[in-house]
Number of protein chains: 2
Amino acid sequence: MTTPLRLGIAGLGTVGIGVVKIIRRQAALLEARTGRPVVISAVSARDASKDRGISLDRYAWENDPVALAVRDDVDVFVELMGGHEGPAKAATEAALAAGKDVVTANKALLAIHGQALAEQAEAKGQVIRFEAAVAGGIPVVKSLTEGLAGNEITRIMGVMNGTCNYILTQMQATGQGYNALFEECGKLGYLEADPNLDVGGIDAGHKLALLASIAFGTKPAFDRVQLEGIQRITLEDINQAADMGFRIKLLGVAQRTARGLEQRMSPCLVPANSPLGQLEGGTNMVVIEGDAVEQVVLRGPGAGEGPTASAVLGDICDLARGLRIATFGQPATGLQDIPAAQTGLPAPYYLRLALHDKPGALAKVAAALGDAAVSIDRMRQYSHSEPTAPVLIVTHKCTRATLDIALQALEASDVVDGTPVALRIEEL
Amino acid sequence: MTTPLRLGIAGLGTVGIGVVKIIRRQAALLEARTGRPVVISAVSARDASKDRGISLDRYAWENDPVALAVRDDVDVFVELMGGHEGPAKAATEAALAAGKDVVTANKALLAIHGQALAEQAEAKGQVIRFEAAVAGGIPVVKSLTEGLAGNEITRIMGVMNGTCNYILTQMQATGQGYNALFEECGKLGYLEADPNLDVGGIDAGHKLALLASIAFGTKPAFDRVQLEGIQRITLEDINQAADMGFRIKLLGVAQRTARGLEQRMSPCLVPANSPLGQLEGGTNMVVIEGDAVEQVVLRGPGAGEGPTASAVLGDICDLARGLRIATFGQPATGLQDIPAAQTGLPAPYYLRLALHDKPGALAKVAAALGDAAVSIDRMRQYSHSEPTAPVLIVTHKCTRATLDIALQALEASDVVDGTPVALRIEEL
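This section reports on the structure supplied with the text. If you're wondering where the values come from, they're calculated on a predicted model, not measured in any experiment. (Residues numbered from 1 in each chain as written. Chains lettered and ligands numbered in written order. Predicted model: local features only at pLDDT ≥ 70, side-chain atom pairs only at ≥ 80, totals over all residues. Heavy atoms only, no water.)

## So, the overall build of chain A
Consideration 1: Counting secondary structure elements, chain A contains 14 helices and 16 strands.
Consideration 2: For chain A, whose C-alpha radius of gyration is 24 Å, the value lies close to the compact-globule estimate of 22 Å for 428 residues.
Consideration 3: For the C-alpha atoms alone, the extent of chain A along its principal axes is close to 85 × 45 × 35 Å.
Consideration 4: The 428 residues of chain A split such that 59% are buried.
Consideration 5: Expressed as a percentage of contacts within chain A between residues at least 6 apart in sequence, the contacts between residues at least 24 apart total 73%.
Consideration 6: In the structure as shown, chain A presents an accessible area of about 15400 Å², 50% of it carried by carbon and sulfur atoms.
Consideration 7: Positive and negative charge centroids in chain A, built from 39 and 48 side chains respectively, lie 4 Å apart. (Helix = DSSP H or I, 4+ residues; strand = E, 2+ residues; numbered from the N terminus. Rg over C-alpha atoms; globule rule 2.2 N^0.38 Å. Buried < 20%, exposed > 50% of the residue type's maximum accessible area, 1.4 Å probe, protein only. Contact = heavy atoms within 4.5 Å. Areas by Shrake-Rupley, 256 points an atom, 1.4 Å probe, with all protein chains shown as cover. Lys, Arg positive; Asp, Glu negative; His and termini not counted. Charge placed at Lys NZ, Arg CZ, Asp CG, Glu CD.)

Here's what the structure looks like:
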């Protein structure tokens with residue numbers, strides 16, 4: 001008789017219930033694969049009386065997730081509540097203090113408190129696993145931490161917020177504007193309670209910070225991720241980008257450069273015929289580049305009951321099989337504290353300006369760019385009926401710092417209306 | 001002072017030298033990630049005097065890989081020789097008998113002798129790891145065995161021979177025929193010594209058999225893979241498929257059905273706008289479908305020094321970290337022996353016939369299909385200058401067994417010249 005792996009599951013929303021369902025439905029398969037029964041001892045959620053579609057009577061119930069986390073009949077604390085403070089943090093700390101392993105889907109908690117939690121876990125020989133925190137069902141944490149462990153990672157890129165990718169691809173597909181699709185997402189339940197977590201890039205930024213830590217051996221540092229949301233992207237930007245052979249994606253990019261760690265989550269142009277450019281709807285994609293492997297692309301559902309529960313189960317099966325690894329792939333105490341790169345590597349940029357229609361206006365734009373040493377690859381001015389004319393520019397490669405000088409000059413000039421839109425063109 | 005992991009590497013071709021280079025270049029990184037030094041004790045190859053571009057003087061040399069495999073200063077035998085009999089098999093068996101773990105890139109050896117080797121390994125508590133045997137740098141064995149362990153796998157598909165995909169995509173891109181591109185691949189060194197391993201689908205079939213074993217908990221059974229090569233694909237097939245919105249790929253498909261295990265490696269039509277359809281050149285792609293995760297797509301380089309060495313290093317790092325798992329994901333003695341499904345699930349088919357140009361010919365074709373209960377979705381007959389007219393047909397869904405009855409009737413008729421081409425249209 002082998003010893004079962006006993007779980008305590010805190011949080012019985014979509015993902016928590018998905019995990020319970022798999023453990024019931026696939027009990028025999030899980031035991032065959034891991035060599036031992038995987039069982040649930042106890043569960044916890046805010047409301048014990050809520051109908052969740054399945055009976056939970058066979059499990060002990062705890063109102064307090066901290067009480068769940070420290071139960072004697074729990075080997076692994078499965079944290080599926082969310083939130084980077086409050087009960088999720090308290091219960092995770094309590095579980096580690098009580099010598100439990102932790103499996104979590106909580107990207108915010110780890111992106112912000114991951115270093116401290118990893119150190120706490122390692123001090124007692126416990127592990128924290130978080131496959132479900134990044135890119136839903138895609139086994140990207142495992143691929144990066146283990147499968148590609150022989151590589152010096154040179155760049156990580158990813159589309160890791162399905163809602164943003166849905167909005168951006170639906171804008172192009174349906175010709176609707178950002179606001180209409182944002183509203184639609186709200187109705188479809190695709191938005192977080194605070195929608196800025198999605199459209200402001202925060203949620204995807206949490207995920208990027210976790211991958212960057214593993215990739216570059218650095219402390220997770222969400223506060224050093226440069227964040228820019230998709231709220232200012234217009235249908236015109238989408239269509240112009242398409243005309244030039246690009247797609248606009250909320251793209252995370254992390255690189256370790258001589259000037260520091262670069263972590264950006266921002267709308268970027270990518271080639272339409274690249275795997276990232278071809279990614280439609282709510283699907284996620286992560287691109288990993290390493291000195292040996294060149295480029296690996298992972299694609300899959302970024303959210304939803306089944307896919308996220310699949311990731312949680314992957315971690316649980318690892319623990320059942322005795323596969324134990326440091327939280328971010330190497331001892332937390334050895335992770336480096338690298339400053340944020342103040343400016344990213346040079347890239348071409350896409351600019352959109354609203355130009356006041358008066359003689360010499362375009363010349364002033366060209367001069368402002370030239371004065372900052374930003375050279376123009378392509379420029380188009382469109383005919384128009386409004387008092388301002390849309391002007392689109394693709395620059396040659398320059399740094400963002402250089403570009404910002406030109407943008408400030410443009411904004412201060414008397415020929416540009418409002419703030420120009422500037423999107424990086426990420427080379428693949 | 002931590003104990004180093006000591007390797008014996010047999011085979012110093014492209015991959016072997018790639019592994020040696022990474023272990024030298026990334027010694028510090030590997031030690032940081034695995035917590036211990038990864039070192040090479042000894043190497044072995046056929047010709048000790050050959051210039052391999054790097055000095056191997058610091059390692060002990062063995063002419064005989066069996067002698068290497070059993071050395072006291074070797075913890076892990078790294079088998080990069082290839083071949084499913086002879087020295088590779090003998091040395092692998094010797095290594096396991098001597099209590100060593102094995103890391104191998106040898107798909108043929110494992111597809112044919114994997115069951116016996118896995119049983120031998122498990123009897124002594126040793127492990128065999130083979131990430132590099134399937135799809136080069138893509139961490140697909142790990143993703144399937146570990147990351148997706150919570151899923152009942154419903155289907156595995158893959159383009160896993162870069163040479164075939166190069167030929168097929170170059171036919172479309174350049175308008176050259178199969179023979180010209182086959183010759184070009186020979187000159188570029190893209191073909192195995194026996195080219196039938198590539199273009200006959202054998203190499204990719206080995207890989208499919210390994211993935212199917214993990215996915216479905218079955219004994220690896222290469223002898224039950226239905227193999228069909230790409231040698232009969234014409235430029236006309238490629239162009240017609242493209243006209244209808246498809247691409248032709250040498251596609252591996254494995255499914256466990258009520259009628260048995262289905263393993264096919266054959267040219268198939270896939271939608272041009274799907275990830276598989278968009279895959280160009282020598283790149284590999286594996287699609288994994290599970291009851292919880294829905295669909296995950298992994299894409300990356302299928303061969304080459306760096307990518308294949310990356311996969312070997314992934315396995316080595318796992319062993320250095322103490323991550324040990326059964327060869328095919330569960331105890332080999334528990335793997336099931338499932339008969340091959342005699343006919344696959346129904347699918348639409350693409351047919352190309354050469355029709356003798358005489359009155360009533362097309363009617364006879366339609367009748368032969370109808371008599372076998374194969375119904376026609378689309379049919380085109382082309383104008384022509386030859387004595388036979390090309391006819392292209394897309395059927396509605398039918399089983400291959402049903403289709404074969406129709407194909408036999410067509411071949412036996414007096415209106416069809418030669419053997420019709422029949423390609424499955426794989427639904428994604």
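Further notes follow.
## Thoughts on the pattern of salt bridges
Residue and element names in this part refer to chain A.
Consideration 1: One pass over the full model with this rule turns up 56 salt bridges over all chains.
Consideration 2: D337 is the salt-bridge partner of R224, the closest N and O atoms lying 2.9 Å from each other. Note that R224 is positioned in the loop between α10 (202-216) and β8 (226-227) and D337 in the loop between α12 (305-321) and β13 (349-356), a separation of 113 residues in sequence.
Consideration 3: You can call R224 partly exposed: its relative accessible area is 30%.
Consideration 4: The shortest N-O distance in the salt bridge between E262 and R264 comes to 2.8 Å. R264 shares its class with E262; the two are buried. (Salt bridge = Lys/Arg side-chain N within 4 Å of Asp/Glu carboxyl O.)

## Regarding the sheet that holds strand β5 (residues 101-104) of chain B
All names here are of chain B.
Consideration 1: The strand order across the open sheet built from six strands is β3-β2-β1-β4-β5-β6, with neighbouring strands paired in parallel fashion. The open sheet terminates on both sides in strands that have one partner only, identified here as β3 (60-62) and β6 (128-129).
Consideration 2: Bridge count for strand β1 (residues 5-10) against strand β4 (residues 76-79) is four bridges, and the pairing is parallel. For L7, the partnering residue across the bridge sits in β4 and is V76. (Pairing = 2+ DSSP bridges.)

## Remarks on the interface of chain B and chain A
Consideration 1: Contacts between the two partners involve 49 residues from chain B and, on the opposite side, 49 residues from chain A.
Consideration 2: Each partner contributes to the roughly 3900 Å² buried at the junction of chain B and chain A, and carbon and sulfur atoms together form 51% of this total.
Consideration 3: On the chain B side of the interface with chain A, the three residues burying the most area are B:R33, B:R299 and B:R321, jointly 15% of the side's total.
Consideration 4: Where chain B meets chain A, there are four salt bridges.
Consideration 5: As a salt-bridge pair, A:E146 and B:K142 come within 2.6 Å of each other at their nearest N and O atoms.
Consideration 6: Residue assignment for the side of chain B that touches chain A shows that the elements contributing at least two residues are α1 (14-25), α2 (27-34), α6 (140-147), α10 (202-216), β12 (294-301) and α12 (305-321) of chain B.
Consideration 7: Partitioning the side of chain B that touches chain A into residue classes produces 23 nonpolar, 15 polar and eleven charged.
Consideration 8: Across three bridges, strand β12 (residues 294-301) of chain A lies against β12(B) in antiparallel orientation. (Buried area = accessible area lost by both parts, 1.4 Å probe. Nonpolar A, V, L, I, M, F, W, Y, C, P; charged D, E, K, R; others polar.)

## Some thoughts on the packing of helix α6 (residues 140-147) of chain A against α6(B)
Working note: a packed helix pair is described by the angle between its axes plus the distance between those axes.
Consideration 1: Look at α6(A) against α6(B): their axes get within 10 Å of each other, and the N-to-C directions meet at 125°. Accordingly, the angle class assigned to the pair α6(A) and α6(B) is oblique. Here α6(A) and α6(B) pass one another in a crossing that is right-handed. Contacts between α6(A) and α6(B) involve A:K142, A:S143, A:E146 and A:G147 from the first element and B:K142, B:S143, B:E146 and B:G147 from the second. (Axes fitted to C-alpha atoms, helices over the stretch in contact; angles between N-to-C directions. Parallel < 35°, antiparallel > 145°, perpendicular 65-115°, else oblique. Left-handed = near helix turned anticlockwise from the far one by under 90°.)

## Concerning the packing of helix α2 (residues 27-34) of chain A against α12(A)
Residue and element names in this part refer to chain A.
Consideration 1: Interhelical geometry of α2 versus α12 gives an angle of 45° and a closest axis separation of 9 Å. What the angle tells us is that α2 and α12 run oblique. The hand of the α2/α12 crossing is right-handed. Judged by residue contacts, L30, R33 and T34 of α2 engage L313, C317, A320 and R321 from α12.
Consideration 2: For the contact of α2 with α12, the per-class residue count stands at four nonpolar, one polar and two charged.

## Considerations on the relation of the copies chain B and chain A
Consideration 1: Here chain B sits on chain A after a turn of 180° about the axis and a move of 0.0 Å along it, with an RMSD of 0.1 Å. Taken together, the turn and the small shift mark the pair as related by a two-fold rotation axis.
Consideration 2: A symmetric contact is evident, with 100% of the interface residues of chain B recurring at the interface of chain A. (Least-squares fit on C-alpha atoms with pLDDT ≥ 70 in both.)

## What to know about helix α5 (residues 107-123) of chain B
The α-helix advances 3.6 residues per turn, and as a result positions three or four apart in sequence lie on the same side.
Residue and element names in this part refer to chain B.
Consideration 1: Considering bend angle alone, the principal kink of α5 is centred on H113 and spans about 85°.
Consideration 2: Buried residues of α5: A108, L109, L110, A111, H113, G114, Q115, L117, A118 and A121, and no others.
Consideration 3: Summarising the contacts, the buried residues of α5 are in contact with β4, α4 (86-97), β5, β6 and α10.
Consideration 4: Looking at where α5 begins, the residue whose side-chain oxygen comes 3.3 Å from the main-chain nitrogen of A108 is N106.
Consideration 5: In the stretch just after α5, G125 is the one whose phi turns positive, near 75°. (Bend = angle between axes of the 7 residues up to and from the residue. Polar contact = N/O pair within 3.5 Å; in protein donor to acceptor, adjacent residues only side chain to side chain.)

## Topic: the packing of aromatic side chains
All names here are of chain B.
Consideration 1: Following the criterion strictly, the structure yields six aromatic pairs over all chains and no others.
Consideration 2: Ring geometry for F130 against F328: centres 5.5 Å apart, planes inclined by 50°, an arrangement best described as tilted. Here F130 is found in the loop between β6 and α6, whereas its partner F328 is found in the loop between α12 and β13 (349-356), with 198 residues between them in sequence.
Consideration 3: Look at F130 and you get buried, because its relative accessible area is 2%.
Consideration 4: Note on F328: relative accessible area 1%, which makes it buried.
Consideration 5: Plain terms: the ring middles of Y166 and Y190 are 5.3 Å apart, the flat faces sit at 85° to each other, and that makes the pair edge-to-face. Here Y166 is found in helix α7 (residues 162-174), whereas its partner Y190 is found in the loop between α8 (178-188) and α9 (196-199), with 24 residues between them in sequence. (Phe/Tyr/Trp six-rings, centres within 6.5 Å; stacked < 30°, edge-to-face > 60°.)

## Focus on α6(B)
Consideration 1: When you tally the buried positions in α6(B), you get eight out of eight residues, the bulk of the element.
Consideration 2: All buried positions along α6(B) are accounted for by B:V140, B:V141, B:K142, B:S143, B:L144, B:T145, B:E146 and B:G147.

## Quick word on the sheet that holds strand β5 (residues 101-104) of chain A
Consideration 1: Across the sheet, which stays open at both edges, the six strands sit in the order β3-β2-β1-β4-β5-β6 (chain A) with parallel pairing between neighbours. Each end of this open sheet is capped by a strand with a single partner; those strands are β3 (60-62) and β6 (128-129) of chain A.

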